[in-house]
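Report on the structure
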Amino acid sequence: MPFIHITTWKMHNEEQVKGMLEDITHAVHKNTGAPLDKISVAVTEVTPNRWADAGVVGSEPDFPVKSRRLNYEE
């Protein structure tokens, strides 16, 4: 049955994590018909210095801007 794996930056609010897991479980159930007790969801949390978008490491101060560039330019 469905196994969903989410990779994200560290989430500090446990209530938000719990809500996300519940919402995803119910969305999979709604859209696939899989029984709730057969749906598994796992979260892997990654520190920003181990994550990159567009070749820009998440711990860089300009990450929100630089990681949205469309072409590699120095």
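Residues numbered from 1 in each chain as written. Predicted model: local features only at pLDDT ≥ 70, side-chain atom pairs only at ≥ 80, totals over all residues. Heavy atoms only, no water.

Details of the overall build of the protein
Helix and strand content of the protein: two helices and four strands. Counting helices and strands in the order they occur from the N terminus, the protein gives β-α-β-β-β-α. The C-alpha atoms of the protein give 16 Å as radius of gyration, which overshoots the globular expectation for 74 residues (11 Å, by more than 25%). Summarising its shape, the C-alpha atoms of the protein cover approximately 50 × 25 × 15 Å along the three principal directions. Within the protein, buried positions represent 18% of all 74 residues. Expressed as a percentage of contacts within the protein between residues at least 6 apart in sequence, the contacts between residues at least 24 apart total 51%. Within the structure as shown, the protein displays about 5,700 Å² of accessible surface, and the carbon and sulfur contribution to it stands at 53%. If the 8 positive side-chain charges of the protein are averaged to one point and the 11 negative ones to another, these points end up 3 Å apart. (Helix = DSSP H or I, 4+ residues; strand = E, 2+ residues; numbered from the N terminus. Rg over C-alpha atoms; globule rule 2.2 N^0.38 Å. Buried < 20%, exposed > 50% of the residue type's maximum accessible area, 1.4 Å probe, protein only. Contact = heavy atoms within 4.5 Å. Areas by Shrake-Rupley, 256 points an atom, 1.4 Å probe, with all protein chains shown as cover. Lys, Arg positive; Asp, Glu negative; His and termini not counted. Charge placed at Lys NZ, Arg CZ, Asp CG, Glu CD.)

Some remarks on the pattern of salt bridges
For the coordinates displayed, the defined rule picks out three salt bridges. Put simply, Glu-60 and Lys-66 hold a salt bridge, and the shortest N to O gap is 3.9 Å. Take Lys-66: its relative accessible area is 34%, and that puts it in the partly exposed class. (Salt bridge = Lys/Arg side-chain N within 4 Å of Asp/Glu carboxyl O.)

A word on the nonpolar core
Judged by nonpolar contacts, Ile-4, Ile-6, Val-28, Ala-34 and Ile-39 together constitute the single largest core of five residues. If sequence neighbours within four positions are ignored, Val-28 has contacts with Pro-2, Ile-4, Gly-33 and Ile-39. (Core = buried A, V, L, I, M, F, W, Y, C linked by side-chain atoms within 4.5 Å.)

What about the packing of aromatic side chains?
Under the definition given, this model contains two aromatic pairs. Relative to Trp-51, the ring of Trp-9 has its centre 6.2 Å away and its plane inclined at 90 degrees; by these criteria the two rings are edge-to-face. One end of the pair, Trp-9, is in strand 1 (residues 3–9); the other, Trp-51, is in the loop between strand 2 (40–46) and strand 3 (52–53), with 42 residues separating them in the sequence. We classify Trp-9 as partly exposed; its relative accessible area is 28%. Classification of Trp-51 by relative accessible area gives partly exposed; the value is 25%. (Phe/Tyr/Trp six-rings, centres within 6.5 Å; stacked < 30°, edge-to-face > 60°.)

Some points on the confidence of the model for the protein
On average, residues of the protein score 93 in pLDDT, and 93% of them are at 70 or above. The least confident element of the protein is helix 2 (residues 63–66), whose mean pLDDT is 91; the most confident is helix 1 (residues 14–32), at 98. (pLDDT = per-residue confidence, 0-100.)

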